[in-house]
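Survey of secondary and tertiary structure
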Amino acid sequence: MLKTPLITAIALGSAALTGTGHAQAADLTISCGAVGAELTLCEEGVRAWEEQTGHEVDIVSTPNSSTERLSLYQQILSANSSDIDVMQIDVVWPGLLANHLLDLREALGDEAGEGHFPAIVENNTVDGRLVAMPWFTDAGVLYYRKDLLEEYGHEPPRTWEALTEIAREIQAAEREAGNERMHGFVFQGRAYEGLTVNALEWVASHGGGALVEPDGEISINNPRAAAALDLAASWVGDIAPDGVLNYTEEEARGVFQGGNAVFMRNWPYAWSLAQSEGSEVRDRVGVTQLPAGGEGQGAAPSGGESQSAAASGGENRSAAGLGGWNLAVSRYSENPELAVDLVAFLTGQDEQKRRAIAGAYNPTLEALYQDEAVLEAVPFFGELYDTFVNAVARPSAITGDAYGRVSNAFFSATHDVLSGSRSGEQAVADLERDLSRVKRRNW
């Protein structure tokens, strides 16, 4: 049973607090997706649990933007609302929401995280409490048009500079041939959390550090990071449309799947959609790791470079941002045992396998990456296994409650560079100053 958008839940929570009674008729309520395949797969999984247990679950839709979804969750939880029992939470949210979530090890036992990627279990463990179960993981990947690269005599690019040149060449040729809507590259350029991930990939792949390092050092103010942002800005209005400044994952996918882009940065979920009936690019799509920083960007550290970037050796490499989502149980749930059971079912092996095959959602269970049915449905799960295991995490653990402000500052500065209102050099210097102020108060 799909309810109206989650914004109504705030009002429901307020009603519960004022003693007007529980607002939901179902045994449980879960928020576990926004639109499209993500929501459909959730509905199917919940329906299977309902049939198995005889209980009823209401599904509440959520904003597609992860930034807006987090804000909404924070409002609901801060009101101690019991109306949402199970929440789908981003990989960077456990530290922000931990005080409002149940310890799942207490309910499921010490083996609760067994078989899942240890790094994700560790990420979801706050002060010794497992506050969320891994559901699916993610890492940024590069989609490309196999047919176009073959036609124009190119292999998938290994560097961002090569991508730029190939995209520019094919875009020009395709437009000359009559496709005026063809673009070279689409990505997530809106000022939101998705841009934080894209920008972290650009910076890390150029050897520019990780914004904030594991020891808490702010590492963004260095020439490699500035160069990475400037390179990305050069794409806008050239190989990327001006509208990319307002693209999330779905806008980028729409352009690529409509046959109007050579390359796309996105998450693995887009694979099954690109291969679906009615897709303009069905059977013409390849997936590979994201490019590394180009030649000349990995020179020895120069004056003004951050200590952290210098210590890293300025390594150029493919850097995929770590994504993924988890399921957590609100500590305000009136049916916590049922809610935990639902979480255990949805994050279990059978359900993760079904979601991998049906929707190309990366399992968090290591064993499924050797499963023949999974690899037949999504071949690149095996080919890019190391990419998924070694993805670059956002600095949410070290910055804790301040992560929202850190990310906001990063994606806002990056968006300014993309739109031409700041240079990369100016943006990283401003970021260092702004983040230093946040650090003094919060980490």
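Reference entry: report on the structure contained in this document. (Residues numbered from 1 in each chain as written. Predicted model: local features only at pLDDT ≥ 70, side-chain atom pairs only at ≥ 80, totals over all residues. Heavy atoms only, no water.)

1. Regarding the overall build of the protein
Here is the rule: Every helix listed is a DSSP run of H or I at least four residues long, and every strand listed is a run of E at least two residues long, numbered separately from the N terminus. C-alpha atoms define the radius of gyration in this analysis, and the globule rule sets the expected value at 2.2 Å times the number of residues to the power 0.38. When checking whether two residues touch, look at their non-hydrogen atoms; a contact exists if any pair is within 4.5 Å. Only the protein chains shown count as cover for residues, with accessible areas throughout obtained via the Shrake-Rupley method and a probe of 1.4 Å. His is not counted here, nor are the chain ends, while Lys and Arg score as positive and Asp and Glu score as negative. Taken as the charge centre is NZ of Lys, CZ of Arg, CG of Asp or CD of Glu, depending on the residue.
Within the protein, the secondary structure is distributed over 21 helices and 12 strands. For 443 residues, the compact-globule estimate of 2.2 N^0.38 gives 22 Å, and the C-alpha radius of gyration of the protein, at 22 Å, lies within 12% of that figure. Here the analysis covers contacts within the protein between residues at least 6 apart in sequence; of these, 75% occur between residues at least 24 apart. Accessible surface for the protein amounts to roughly 17400 Å². Of this, 46% is attributable to carbon and sulfur atoms. Separation between the mean location of the 30 positive side-chain charges and that of the 64 negative ones in the protein comes to 5 Å.

2. Description of the pairing of strand β11 (residues 285-288)
To keep things clear, this is the line we draw: Burial here depends on accessible area, computed with a 1.4 Å probe over protein chains only, as a share of the maximum for the residue type. Under 20% is buried, over 50% is exposed, and the range in between is partly exposed. Here, strands pair whenever DSSP counts at least two bridges between them.
Neither face of β11 is exposed, since Val285 and Val287 on one face and Gly286 and Thr288 on the opposite face are all buried. By the bridge criterion, four bridges tie strand β8 (residues 141-145) to β11 in an arrangement that is antiparallel. Its bridge partner being in β11, Tyr143 is matched across the sheet by Val287.

3. Notes on the packing of aromatic side chains
Heads up, the condition is: In summary, the pairing rule links any two rings of Phe, Tyr or Trp, Trp by its six-membered ring, whose centres are within 6.5 Å, and it sorts them by plane angle into stacked for under 30 degrees, edge-to-face for over 60 and tilted for everything else.
Applying the stated criterion across every chain yields a total of 19 aromatic pairs. Here Trp93 and Trp325 contribute two aromatic rings whose centre-to-centre distance is 5.3 Å and whose plane-to-plane angle is 85 degrees, an arrangement assigned as edge-to-face. You can see Trp93 sitting in the loop between β4 (86-90) and α4 (94-97) and its partner Trp325 sitting in strand β12 (residues 322-329), a full 232 residues away along the chain. The class for Trp93 is buried, based on a relative accessible area of 3%. Geometrically, the ring pair formed by Tyr369 and Phe381 is tilted, given 5.9 Å between the ring centres and 40 degrees between the ring planes.

4. Considering the nonpolar core
Condition: Remark: nonpolar core denotes a set of buried residues (Ala, Val, Leu, Ile, Met, Phe, Trp, Tyr, Cys) joined through side-chain atoms within 4.5 Å.
Within the largest apolar cluster, 136 residues are counted, with the highest numbers of intra-cluster contacts made by Trp202, Trp235 and Phe263. When sequence neighbours within four positions are dropped, the list of residues in contact with Trp235 reads Trp160, Thr164, Phe185, Phe187, Trp202 and Ala240.

5. Description of the side chain of Asn124
Within the element layout of this structure, Asn124 appears in the loop between α6 (118-123) and β5 (125-126). By relative accessible area, which is 0% here, Asn124 ends up buried.

6. Thoughts on helix α15 (residues 349-359)
To keep it simple, the criterion reads: This arc describes the spread of directions from the helix axis toward the C-beta atoms.
Considered for burial, the residues of α15 that qualify are Glu351, Gln352, Arg355, Ala356 and Gly359. Summarising the axial view, the buried residues of α15 lie within an arc of 135 degrees, below the 170-degree limit, and thus occupy one face. On its buried side, α15 packs onto α2 (36-53), β7 (133-139), α12 (270-274), α14 (336-346), α16 (372-377) and α17 (380-383). Of the residues one or two after α15, Ala360 is the one with positive phi, at around 60 degrees.

7. Quick word on the environment of Pro379
Position of Pro379 relative to the elements: it lies in the loop between α16 and α17. The sequence separation of Pro379 and Ser407 amounts to 28 residues, and the corresponding C-alpha distance is 33 Å.

The analysis is restricted to geometry; functional conclusions fall outside its scope.
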